[in-house]
Amino acid sequence: MPVNDTVSTTSAAAASPVDGPLATVAIVISLAVAVWALVAAVRHRPPDRIQFIGLAVLEVALLALTVTALVALGGGDRPGEPGAFFGYLATLVCLPPLAWVLARMEPTRWGSGIVCAICLVTPVVALRLQQTWEALGG
C-alpha cells in the first residue's frame, strides 16, 4: 500500500500546474532581463525601454502562470502548503511591477541594479512556489 501512495504523490507532483514550460519561460525571461539590467548597471546606464518591456513580458508570463494555478485549484487540485503557496503566488505577481516602480523612481544606474536584483529574486520565488505545491502535507 505505501507503494501506491508513493506513486500517487509522484504523479501528483508531476502534474503540478506551476511546474512546466510556462514556469520555465518565466524564469528564463527573468534571468534575461536580470543580465540586461546588470550590463546596464555596470555601464552606469539608467533603466532603459528594453528593461521595462522585459518586465512587462515577465509580468504577462507570471499572470499566465497564476491563472494556470487558479484553474487547477478550481479543478480540485491542492498545493501541499496552501498558505505558503498563496503567499509566494501573490509575491511573484507583485515583483515585476515593484521593479518597474522603483526603477522609475531611481533613473540612475541604481535603477538598473534594482531591476537586476528583483529579476534575480523572481526565479527563486518561482522555485519556492513549485516546492510548496509539491510539498507533502505534514
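What you are looking at is a predicted structure, and each value in this text was computed from that prediction instead of being measured. (Residues numbered from 1 in each chain as written. Predicted model: local features only at pLDDT ≥ 70, side-chain atom pairs only at ≥ 80, totals over all residues. Heavy atoms only, no water.)

**Brief notes about the UniProt feature "transmembrane region" (unreviewed entry) in the protein chain**
Logical step 1: Feature annotation in UniProt places "transmembrane region" (unreviewed entry) on residues 20–40, 52–73, 85–103 and 110–129, given in this structure's numbering.
Logical step 2: Helix makes up 100% of residues 110–129 and strand 0%, and the two end C-alpha atoms of the span are 28 Å apart. (UniProt positions renumbered as here; feature names shortened; annotations may be inferred. Helix = DSSP H or I, 4+ residues; strand = E, 2+ residues; numbered from the N terminus.)

**As for a nonpolar patch on the surface**
Logical step 1: Taken together, the side chains of W100, V101 and M105 make up a nonpolar region of the molecular surface, amounting to roughly 320 Å² of accessible area.
Logical step 2: Along the chain, V101 turns up in helix α4 (residues 82–105). (Patch = residues over 30% accessible without salt bridge, like charges linked within 9 Å, V, L, I, M, F, W, Y side chains within 5 Å. Areas by Shrake-Rupley, 256 points an atom, 1.4 Å probe, with all protein chains shown as cover. Salt bridge = Lys/Arg side-chain N within 4 Å of Asp/Glu carboxyl O.)

**Side note on the state of the cysteines**
Logical step 1: A complete count under the given rule lists 0 disulfides for this structure.
Logical step 2: There is no disulfide at C116, and the cysteine sulfur nearest it, in C119, is 7.5 Å away. (Disulfide = S-S within 2.5 Å.)

**Side note on the packing of aromatic side chains**
Logical step 1: Evaluation of the coordinates by the stated rule reveals 3 aromatic pairs.
Logical step 2: Ring centres of F85 and F86 lie 5.5 Å apart, and the angle between their planes is 80°; this geometry places the pair in the edge-to-face category.
Logical step 3: Its relative accessible area of 40% is what places F86 among the partly exposed residues.
Logical step 4: Ring centres of F85 and W133 lie 5.2 Å apart, and the angle between their planes is 65°; on these two criteria the pair is classed as edge-to-face. Separated by 48 residues along the polypeptide, F85 in helix α4 and W133 in helix α5 (residues 109–134) bring together distant segments of the chain.
Logical step 5: A relative accessible area of 0% places F85 in the buried class.
Logical step 6: W133 sits in the buried class, given a relative accessible area of 6%.
Logical step 7: Following the ring pairs from residue to residue traces out a cluster consisting of F85, F86 and W133.
Logical step 8: Across from the ring centre of W110, 4.9 Å away, lies the NZ or CZ of R109, which sits over that ring. (Phe/Tyr/Trp six-rings, centres within 6.5 Å; stacked < 30°, edge-to-face > 60°. Buried < 20%, exposed > 50% of the residue type's maximum accessible area, 1.4 Å probe, protein only. Lys NZ or Arg CZ within 6 Å of the ring centre and 35° of its normal.)

**Some points on the packing of helix α2 (residues 21–42) against helix α3 (residues 49–74)**
Logical step 1: Between α2 and α3, the least distance of the axes is 9 Å, while the angle of their chain directions is 160°. Judged by the angle between their axes, α2 and α3 are roughly antiparallel. Considering only the axes of α2 and α3, their crossing is left-handed. Contact with α2, carried on its side by L22, A23, A26, I29, S30, V33, W36, A37 and A40, involves I50, Q51, G54, L55, V57, L58, A61, L62, A64, L65 and T68 of α3 and no other residues of that element.
Logical step 2: Tallied by class, residues from the contact of α2 with α3 come to 16 nonpolar, 4 polar and no charged. (Axes fitted to C-alpha atoms, helices over the stretch in contact; angles between N-to-C directions. Parallel < 35°, antiparallel > 145°, perpendicular 65-115°, else oblique. Left-handed = near helix turned anticlockwise from the far one by under 90°. Contact = heavy atoms within 4.5 Å. Nonpolar A, V, L, I, M, F, W, Y, C, P; charged D, E, K, R; others polar.)

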